[in-house]
Each structure stands twice: as C-alpha cells, then as structure tokens.
Amino acid sequence: MGASTKTSRFAVGLTAVSFLLVLIAFVSPYWLQHDGLNKAPKFLHLGLWEVCFNQFQDINRWYDVRFKGCMWVFEEEYYIIHDFLLTGFFVATQFFFTICLTLLLVSLFLTFLFLVTSKDDDRFIILLLTNGAVQVIGAICGLIAVITFGARGDGRDWMPNWEHNNMGWAFALAVLGAMCLFPAGVLFLVEARKIKYKRLNEIGTRETSAYSMDDRKVRGGGEPSGGHTDI
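A few points on the structure. (Residues numbered from 1 in each chain as written. Predicted model: local features only at pLDDT ≥ 70, side-chain atom pairs only at ≥ 80, totals over all residues. Heavy atoms only, no water.)

## Things to note about the overall build of the protein chain
Next up, step 1: A count of helices and strands for the protein chain gives five helices and five strands.
Next up, step 2: Shown N-terminal to C-terminal, the secondary structure of the protein chain runs as helices and strands in the order α-β-β-β-β-α-α-α-β-α.
Next up, step 3: Out of the 231 residues in the protein chain, the part that is buried amounts to 39%.
Next up, step 4: Taking contacts inside the protein chain between residues at least 6 apart in sequence as the whole, the part at least 24 apart equals 66%.
Next up, step 5: Of the roughly 13500 Å² that the protein chain leaves accessible, carbon and sulfur atoms contribute 63%. (Helix = DSSP H or I, 4+ residues; strand = E, 2+ residues; numbered from the N terminus. Buried < 20%, exposed > 50% of the residue type's maximum accessible area, 1.4 Å probe, protein only. Contact = heavy atoms within 4.5 Å. Areas by Shrake-Rupley, 256 points an atom, 1.4 Å probe, with all protein chains shown as cover.)

## Observations regarding the state of the cysteines
Next up, step 1: By the definition in use, this model includes one disulfide.
Next up, step 2: Here cysteine 52 pairs with cysteine 70 through a disulfide, and the sulfurs are 1.8 Å apart. Every disulfide takes its handedness from the sign of the S-S torsion; for cysteine 52 and cysteine 70 that torsion is 115°, giving right-handed. Residue cysteine 52 is located in strand β3 (residues 50-56), and its partner cysteine 70 is located in strand β4 (residues 67-72); the two are separated by 18 residues in the primary sequence.
Next up, step 3: Accessibility expressed as a relative area gives 0% for cysteine 52, which makes it buried.
Next up, step 4: Judged by relative accessible area, which is 43%, cysteine 70 ranks as partly exposed.
Next up, step 5: Distance from the sulfur of cysteine 141, which forms no disulfide, to the nearest cysteine sulfur (cysteine 100) is 7.0 Å.
Next up, step 6: With relative accessibility at 11%, the residue cysteine 141 sits in the buried group. (Disulfide = S-S within 2.5 Å.)

Below is the structure:
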C-alpha cells in the first residue's frame, strides 16, 4: 500500500495536521480580536465569515444604526457598511483561503486513494504527482491569504480602535496550516520521484538480466557438443 516509507508517512501526517488547522481557522471568528485593554471597545473579534461589534457606528455614513453582537459578514443588516467591512484585501483573503481549503479537500481524497492503491499500479506515480501539485498550489493560496490579512488586518484604516486590535489565534492556525501543507506537497513529489527512479532501475536490471541470459544461450549453442571425428 501507499504509506510504506518514512517520506510518505510524513507526507500523510502533515496533510492531516494541515487539514485540521486550516479547517479550524476557516470556521473560527478569531482572525482579528480586541486585546481586552479598552473598556468600551466597538470591535470585538472577526473571522473570515463572522464579525462581532459592540455598539459600532460608522462615523463616515449618515446612519444612526449601531451594530451589536456577532453576525455573518454577508448579513443583510450589514449592507450599509459592506464597502467598509468587505474591503478588497479582506475579500482577497476570503477568496484565496477558500481555494486553499477546497484544494486541501481534494488532496484528502487523493491521499486516501494513495493509501489504498498498490505501488505496482501504473497510475500510482501520477497520483503522487497530482496530490503533491494540488497541495503546493493550495499552500501558495493559503500563504497569499495570510500574508494579505497579516499586512492589512490590524491597520488603522479598517476596524475601530485599531491600536487595541491584534491578530487572533485562528490567524495563527491559518499560518501554521498553510506552512504545513507546503512540505506535505513537496514530500509527495519527492516520493513520486523516488518510485519513478526505482521503477527505471528495476526495468534496467531486468533488461540487463535478459540480455545476459540470451548472450549465454547464444554462446552455449555455438560450442561443439563433443565426440570423435572420423578420418
């Protein structure tokens, strides 16, 4: 079966760890959070899909609406502050991290196939290469997402009380998940390369053995069989 080498076992383990971290980060509303030092914070915490306010009012709009509690970022009630809430960098973060999770789900299926497929299968190397490539692309998308959010998430031009806002634990999990996914993909590619060269060596060895046997047969057939010659 698949995970019979140290390289493949590490690859499968990193894939599982990465999926767990990325999934938790994806659903958790703690990418950005208040540090607790402000006694009356207007912003509490935020994830990719949920934001929590405390009597927040957008002073740049002519609305008296104050937002309190936690809601989905696409909630209809938030439509008047969508241009403030769903800024370009935040939408980019949602987009790339969603791609990262989607590719990770595809990778889980490919990893399962890897675990149940025989190494002698002709498609085994293609399976490894595909899985490795999917994971590397997913890791790149995840890193783009966390770098984008890390550069702009706690800036003074976004959430209120920016000086009291820090990156949350869910953001840290997202970073770790993306970082674990990259070496997992590389290890699958390395495993594919190792198996490819092993097969080539086996083919070369068989061809050499077959050539040696044929050569011995030819030499053996041309030798005299023995006996006396009549004069």
